[in-house]
Amino acid sequence: MVAASVSLESLCVNSIRMLAVDAVNKSNSGHPGLPMGCAPMGYALWQNILNHNPNNPKWFNRDRFVLSAGHGCMLLYSLLHLTGYKSVSIDDIKEFRQWGSKTPGHPETFETEGVEVTAGPLGAGISNAVGLAIAETHLAAKFNKPDCKIVDHYTYVIMGDGCNQEGIASEACSLAGHLKLGKLIALYDDNQITIDGRTDVSFTEDVLKRYEAYGWHVQHVEDGNHDVKGITEAIEKAKLITDKPSIIKISTTIGYGSPNKSDTAGIHGAAVGEEEAALTREFLNWEYPPFEIPDEVYAHFRKSIDKGGSLEKEWDSKFEEYQSKYPSEGAELNRMLKGQLPENWDSDLPSYTPEDKGLATRKHSQICLGALGPNLPELIGGSADLTHSNYTDIKGESGSFQPHSPEKRYLHFGVREHAMAAVLNGIAYHNSGLIPYGGTFLVFADYMRGSMRLSALSELGVIYVLTHDSIGVGEDGPTHQPIETIPSLRAMPNMLVFRPGDGNETSGAYKLAIQNRKRPSALCLSRQGMPNQENTSIDKVALGGYVVSDCEGTPDLIFIGTGSELNLCIEASKEISSLGKKVRVVSMPCVELFEEQEDSYKESVLPSSVKKRVVVEAAHSFGWHKYTGFDGICITMDRFGASAPGGECMKNFGFTVENVVNKTKEIL
């Protein structure tokens, strides 16, 4: 029974706190401070506000919850467990941060059902939430009817001081304010503590004034340690503001309940210890041993199961009615929710012959987007203020996603590369079938690196359109000429890196990027034109590497080329062949896919008996020595570029047929 001096609400809130204390103590690792301080807001949101179904974590019209301050993940795991998600049992809580557990040290979508985004790097979660809100807003504008709102849910976030100090959050929240994302509501845990101590050692701005300037609706709940009613009312008020995202600053005490460690940096990321845990139990009037939760607490929290089941059942009936009234729209949404691509979606991807005019692959990319757009209504994306350089617009589409036109699917991200990548991840996390893409210069992949890594880690099929892929950029100089970027992206697990050598390979790269819904793709595209080759193939791009020019019998030499340098290999092979040598040319548009082929196929393309090999790529040599060995050479870029016309850069750095031939002769 509930102790007379402790209300059921307080008992529920303290259940969250003590699960965090006990789990972190048992693992002797983790962050108890945030869950202890945020327990009231977590309870208010999950018990009083959030529409979700513990029996179906993937129910489409659920509200999305993002714990942007992912280090405080015991808050989320406690809420998942208490409200009845089967993915997090009390045994899972006991195995917090242990090998193979469903409760890892930061929330991971691929490990724990009910976790909406993989959070950890601060600022990423709130930025993902902007993408989630964009997805909801776009789908609502596209599919809802005056008599049937089939897409109608909110995105809620808990973020901390650290999130608000990260630049990515500023980028994304500025964009959210511009887009007037009224169904995005952030709860800001204002505990004024970071690892280094009190926030005023580095952070003294008025956060709410900043968000007000972004165009957000702002509120402040002063007693976040106890005022569940005030938090609930603030969220309900925020829901009434339809033309602005909302942020609610909730002042809390980090580690609330710990008599000696609360309100200090010491409780941010370390176990409180057994002695302090006992004192915390006494302070909170918590009479239960570690990991024991009162039956009445479970009974209260698990009302969410019946409530969520009823909400989903009601939505299912509404969706059936919607499909009956609007069969075309209903069929399209149903297909998207199942993750199915439309029939013949790739039928208009262009193929080329050598007689077709050679173009820059960024231009071929634009043609591909134009071919895919009409057949693939779920394709949504844009550019970080480089539309007319990246060529990321979809031919025939007019207008863009704006507050007055959210049904449009072209996104102007502004000069916000990192936020763009995080927003694209958020759109993918929405799990509604949308296929997000975003463009910038390849060299600025470094600005997006953290979010690109999370795309790969979380198995999100985001498409990165990265143009101006080499020193061929020219006059903009070494600040804009990527050298090490391509090999560094190839080093990222689960990332497909394409560097197509002509129009066919660009079409092939897009086909594979669309098909791979659990692997992000980086399309590295040229500024300069290149001819279409005779034996390139849309379908053979799936092999990663393949023979485009061959000889009779076993070759004496193999050229391996990518991108614009594929043509250099082909032209150089002609001159080497005229010297009486047998030459093979291999195009390698995607190293990752080549590595995944059967050993027999790889041997057929690159016979181990052929030691003389020449790799030509206007990027760093890192990674290529696996293919060249001790007897081959890399004609690559192992220094920064220079400011000059692109052709002059290519010539002076040795990317000419003459230099390739001369270097090749040296190893023959």
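Quick caveat: nothing in here was measured; it's all calculated off a predicted structure.

Our next topic: the domain arrangement of the protein. Split by domain assignment, the protein resolves into domain 1 (11-308), domain 2 (361-524) and domain 3 (539-666). In this structure, domain 1 and domain 2 have C-alpha centres spaced 31 Å apart. The interface of domain 1 with domain 2 comprises 33 residues on the first partner and 30 residues on the second. Buried area between domain 1 and domain 2, summed over both chains or domains, comes out near 2600 Å², and the portion from carbon and sulfur atoms is 69%. By the criterion of area lost to domain 2, the three top residues of domain 1 are His138, Glu171 and Leu175, representing 21% of everything that side buries.

Here the focus is the packing of helix α5 (residues 124-143) against helix α16 (residues 417-429). Relative to each other, α5 and α16 sit at 50°, their axes nearing to 6 Å. On the basis of the axis angle, α5 is oblique to α16. At the point where α5 passes α16, the crossing takes the right-handed sense. Packed against α5, whose contacting residues are Ser127, Asn128, Val130, Gly131, Leu132, Ile134 and Ala135, the element α16 presents Ala422, Val423, Asn425, Gly426, Ile427 and Tyr429 at the interface. Of the residues belonging to the contact of α5 with α16, the class tally is eight nonpolar, five polar and no charged.

All right, on to the UniProt feature "site: Important for catalytic activity" (unreviewed entry) in the protein then. Sites flagged by UniProt as "site: Important for catalytic activity" (unreviewed entry) map to His31 and His268. The greatest C-alpha distance among the annotated residues, which extend across 238 residues, is 5.5 Å, indicating that they converge on a single site. If you trace the backbone, His31 turns up in the loop between α1 (8-27) and α2 (33-49). Look past the residues within four positions of His31 in its chain and what remains in contact with it is Val24, His71, Gly72, Arg97, His268 and Gly269.

This paragraph deals with the environment of Leu523. Within the secondary structure, Leu523 sits in strand β14 (residues 521-524). Between the C-alpha atoms of Leu523 and Ser68, which are 455 residues apart in sequence, the distance is 29 Å. In contact with Leu523, other than residues within four places in its own chain, are Ile463, Tyr464, Val465, Leu466, Phe498, Ala509, Tyr510 and Ala513.

Per the stated rule, a full pass over the model turns up 18 aromatic pairs. For the ring pair Tyr43 and Phe301, a centre distance of 5.7 Å and an interplane angle of 85° mean the geometry is edge-to-face. Linking Tyr43 in helix α2 with Phe301 in helix α11 (residues 295-301), this pair joins segments that are 258 residues apart in sequence. The two residues Tyr43 and Phe301 agree in class, both being buried. An aromatic cluster is present here, built from Phe60, Trp315, Phe319, Tyr322 and Tyr326 joined pairwise through their rings. The aromatic ring of Tyr326 is capped on one face by Lys145, whose charged end is 5.1 Å from the ring centroid. In this structure, Lys363 is placed above the aromatic ring of Tyr391, and the distance from its NZ or CZ to the ring centre is 4.7 Å.

It is worth spelling out the side chain of His153 at this point. Of note, His153 is situated in the loop between α5 and β2 (155-160). Residue His153 is classed as buried on the basis of its relative accessible area of 1%. Polar side-chain contacts of His153 include one of 2.9 Å to the side chain of Asn61. Polar contacts involving the side chain of His153 include one to the side chain of His430, which spans 2.9 Å.

Turning next to the UniProt feature "binding site: thiamine diphosphate" (unreviewed entry) in the protein. Here, UniProt's "binding site: thiamine diphosphate" (unreviewed entry) annotation points to His71, Gly120, Pro121, Leu122, Gly162, Asn191, His268 and Phe444. Maximum C-alpha separation among the annotated residues is 34.3 Å over a sequence range of 374 residues, too wide for a single clustered spot. Within the fold, Gly120 resides in the loop between α4 (90-94) and α5. The class of Gly120 is buried, set by a relative accessible area of 18%. What Gly120 contacts, discounting residues up to four positions off in sequence, is Gly70 and His106. Since its relative accessible area comes to 16%, Phe444 is described here as buried.

Let us now look at the packing of α2 against helix α3 (residues 73-83). At a closest axis distance of 9 Å, the pairing of α2 and α3 adopts a crossing angle of 40°. What the angle tells us is that α2 and α3 run oblique. Crossing angle aside, the handedness with which α2 passes α3 is right-handed. From α2, Leu34, Pro35, Cys38, Ala39, Gly42, Tyr43, Trp46 and Gln47 reach across to α3, where they touch Met74, Leu75, Leu76, Leu79, Leu80 and Thr83.

Attention now goes to unusual backbone geometry. Phi at Asn285 takes a positive value of approximately 60°, unusual for a residue other than glycine. One can find Asn285 in the loop between α10 (274-283) and α11. Judged by relative accessible area, Asn285 falls into the partly exposed class, the value being 30%. Its identity is not glycine, yet Phe291 carries a phi of approximately 70°, on the positive side. Assignment of secondary structure puts Phe291 in the loop between α10 and α11. Phe291 gets classed as buried once you look at its relative accessible area, which sits at 14%.

Attention now goes to the side chain of Asp161. Turning to its location among the elements, Asp161 is positioned in helix α6 (residues 161-165). This buried residue, Asp161, is left without a salt bridge; Lys249 holds the nearest opposite charge, at 8.2 Å. Every residue in contact with Asp161, bar those within four places of it in the chain, is listed here: Tyr188, Asp189, Asp190, Asn191, Gln192, Ile193, Thr194, Thr199 and Phe203.

We now examine the sheet that holds strand β16 (residues 546-549). The strand order across the open sheet built from five strands is β16-β18-β17-β19-β20, with neighbouring strands paired in mixed fashion. Looking along the sheet, the strands with just one partner apiece sit at the ends: β16 and β20 (633-635). Taken over all neighbouring pairs, the strand axes of this sheet differ in orientation by 30° on average, direction set aside. As judged from the four bridges shared by strand β17 (residues 557-561) and strand β19 (residues 613-616), these two strands associate in the parallel manner. Following the sheet pairing, Phe559 is matched in β19 by Val614. Helix α20 (residues 565-577) contacts β16, β17, β18 (583-587) and β19 of the sheet and is inclined by roughly 175° relative to β18. Against the sheet, helix α25 (residues 657-667) contacts β17, β19 and β20, and its axis sits at roughly 170° relative to β20.

Reading the values: rules and limits
Each residue is numbered by its place in its chain's sequence as written, counting from 1. A pLDDT threshold of at least 70 governs which residues receive local features in this predicted model, and a stricter bar of 80 or more applies before side-chain atom pairs are shown or counted, although totals over entire chains, interfaces and linings include all residues. Hydrogen atoms and water are omitted, and side-chain values are computed over all heavy atoms in the structure. Marked domain ranges trace back to an automatic or database domain assignment. Note on definitions: a residue-residue contact is assigned when non-hydrogen atoms from the two residues lie within 4.5 Å. A quick way to say it: buried area is the sum, across both parts, of accessible area lost when two parts are put together, with a 1.4 Å probe. The axes are straight lines fitted to the C-alpha atoms, using for helices just the contacting stretch, and the angles between their N-to-C directions are given from 0 to 180°. Where helices and strands are cited, they refer to DSSP runs of H or I of at least four residues and of E of at least two residues respectively, numbered from the N terminus. Roughly parallel covers angles under 35 degrees, roughly antiparallel covers those over 145, roughly perpendicular covers 65 to 115, and oblique covers all other angles. Each crossing gets its handedness from the near helix: less than a right angle anticlockwise from the far helix is left-handed, clockwise is right-handed. The nonpolar class holds Ala, Val, Leu, Ile, Met, Phe, Trp, Tyr, Cys and Pro. Asp, Glu, Lys and Arg form the charged class, and all remaining residues, Gly among them, are polar. UniProt positions are given in the numbering used here, feature names are shortened, and annotations may be inferred rather than shown by experiment. Two rings from Phe, Tyr or Trp (for Trp, the six-membered ring) form a pair when their centres sit within 6.5 Å of each other. Planes less than 30 degrees apart are called stacked, planes more than 60 degrees apart edge-to-face, and all others tilted. When accessible area is computed with a 1.4 Å probe and restricted to protein chains, residues below 20% of their type maximum are described as buried, those above 50% as exposed, and intermediate ones as partly exposed. Comment: the charge-over-ring label is applied if NZ (Lys) or CZ (Arg) is within 6 Å of the ring centre and within 35 degrees of the ring normal. A 3.5 Å cut-off defines polar contacts: any pair of N or O atoms within that distance qualifies, except that in protein one atom must be a possible hydrogen donor and the other a possible acceptor, and neighbouring residues in sequence count only when both atoms are side-chain atoms. Lys and Arg are tallied as positive, Asp and Glu as negative. Neither His nor the chain termini are counted. Salt bridges are defined as contacts in which a side-chain nitrogen from Lys or Arg sits within 4 Å of a carboxyl oxygen from Asp or Glu. Strands are labelled as partners when DSSP assigns at least two bridges between them.

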